[in-house]
Amino acid sequence: MESYESVVIGAGQAGLSASYHLNRLGVRHVVLDAEPRPGGAWQHRWDSLTMHDVHGVADLPDGLAPGGSGERANLAVPSWFGSYETSHDLPVVRPVRVTSVTEVGGLLAVHSADGRTWLTRTLVNATGTWTRPFVPRYPGAETFLGEQVHTHDYPGASHFRGKRVLVVGGGASAVQFLGELAPVTSVLWVTRREPVWRSDFDASRGREAVAMVAERVEAGLPPASVVSVTGLSLRPQEQVAAGLGVYERRRPMFTRIEPYGVRWSGPLADGEAAYEPVDAILWATGFRPAVTHLAPLRLRSEHGGIPLLRGSADVQTAVTAAYDPRVQLVGYGPSASTIGASRAGRAAALAVQRQVSEGPAISRRDRPRTSAPASAGP
Ligand code: FAD
């Protein structure tokens, strides 16, 4: 069994940033990543998503991100990550899928699907969300005879040509899918809440949105996505769909799914039908944090989220698990964006260095089993 001062799980933006800073601080560590090649979740984004379409990929420390271009994001970012790993000599081991992390004699034991174990004094969890697509439950979903696809498996607009597609979800992905689909096929959009369109988005609104997510996480609630609280906007790529009126014809969520369509019960707005036939449902309903392997460490609060301690005024650097300061979560909650992940990597590496130099850490069992303190240093 190999023993380390730190193990990083995940080699996306968050894990690479953490590893870069751990190297600089001289912390002996290894990065375990489930994918056979570099790229984190970006290697799985749909083919039509170009660097010009993404909302902006932040730099890694000492590594300039590829700029906006017509190149596919699922090629450009993985190629950048690959060069970054090599040029900064990051100790990434793959493919290693971590199945659980347990406590063994005061150390953490990281177990993989192929039966290997790494012992470590500290852990940086950087596993993102891509492996946990979320589809809400609606009555009758199992009776639907058409196709149901989640963002995770979006096959591109041409796949849906000639079909009537129901796009579900009020986030940036839904807006992009409608932009691609409306010019080639018939679409209908439903969201749980009235979409919030932003016209005056600037850095301070961005900070407010991240602070809202941070507050939830500090209170031990499951994190909302950062992108979901920044509001929506239409880019030049969505103007054809906007001209076709698809964003204006948005409807509230249906009540049930039937074999050939969806049905609303209750009052309807003028001109709205109680039933709409659809051939495909595209669930653009987001993802959940991929943290099930951390369950044995009992990091969750009674509210269902993993509370993090706020380390400084910068909420994106809240990374330390309130119930076990040996564990840092990066790319989680307020740092679940590329810029947040890059910043959180540094905060996590500094917290790890503190833990390693200060000796045995306090584990959850030494802490009261109440919800996390609202604000405190590790
Ligand atoms: P990932 O990139 O998901 O990396 C996690 C890594 O951990 C993966 O390699 C995965 O294989 C590995 N892993 C997971 N589980 C395990 C395990 N059990 N064992 C071992 N390895 C594991 N943010 C922006 O700032 N700008 C954007 O334009 C933008 N566009 C987005 C578009 C989409 C469709 C989505 C879903 C998100 C987007 N985001 C964007 C959010 C952004 O992509 C993420 O916040 C950020 O890239 C996440 O980086 P990460 O390192 O946390 O996760």
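Structure: see above.
Residues numbered from 1 in each chain as written. Predicted model: local features only at pLDDT ≥ 70, side-chain atom pairs only at ≥ 80, totals over all residues. Heavy atoms only, no water.

Caption draft 1: View of the overall build of the protein chain. When helices and strands are tallied, the protein chain shows 6 helices and 17 strands. The C-alpha radius of gyration computed for the protein chain amounts to 22 Å, which stays within 12% of the reference 21 Å derived for 378 residues, consistent with globular compactness. In terms of overall dimensions, the protein chain has a C-alpha envelope of 70 × 45 × 45 Å along the principal axes. Within the protein chain, contacts between residues separated by at least 24 positions form 66% of all contacts whose residues are at least 6 apart in sequence. Summing over all exposed atoms, the protein chain offers an accessible surface of approximately 17,000 Å²; the carbon and sulfur share of this is 52%. In the protein chain, the 38 positive side-chain charges and the 35 negative ones have mean positions that sit 4 Å from each other. (Helix = DSSP H or I, 4+ residues; strand = E, 2+ residues; numbered from the N terminus. Rg over C-alpha atoms; globule rule 2.2 N^0.38 Å. Contact = heavy atoms within 4.5 Å. Areas by Shrake-Rupley, 256 points an atom, 1.4 Å probe, with all protein chains shown as cover. Lys, Arg positive; Asp, Glu negative; His and termini not counted. Charge placed at Lys NZ, Arg CZ, Asp CG, Glu CD.)

Caption draft 2: Representation of the site of the ligand within the structure. Taken together, the neighbourhood of the ligand is formed by 30 residues, with Asp33, Arg45, His55, Gly56 and Thr338 sitting nearest. The contact in question runs from a nitrogen atom of the ligand to an N or O atom on the backbone of Val98, over 2.8 Å. The side chain of Thr338 places a nitrogen or oxygen atom 2.7 Å from an oxygen atom of the ligand. Protein contact buries 88% of the 1,000 Å² of open area that the ligand shows by itself. (Near = heavy atom within 4 Å. Polar contact = N/O pair within 3.5 Å; in protein donor to acceptor, adjacent residues only side chain to side chain.)

Caption draft 3: Summary view of helix α1 (residues 13–24). Look at α1: 17 Å from first C-alpha to last across 12 residues, which is about the 16 Å you get at 1.5 Å a residue. The element α1 is extensively covered by neighbouring structure, given that 10 of its 12 residues are classed as buried. Along α1, the residues classified as buried are Gln13, Ala14, Gly15, Leu16, Ser17, Ala18, Ser19, Tyr20, His21 and Leu22. Positioned one or two residues after α1, Gly26 has a phi angle of 75°, which is positive. (Expected span 1.5 Å × (residues − 1). Buried < 20%, exposed > 50% of the residue type's maximum accessible area, 1.4 Å probe, protein only.)

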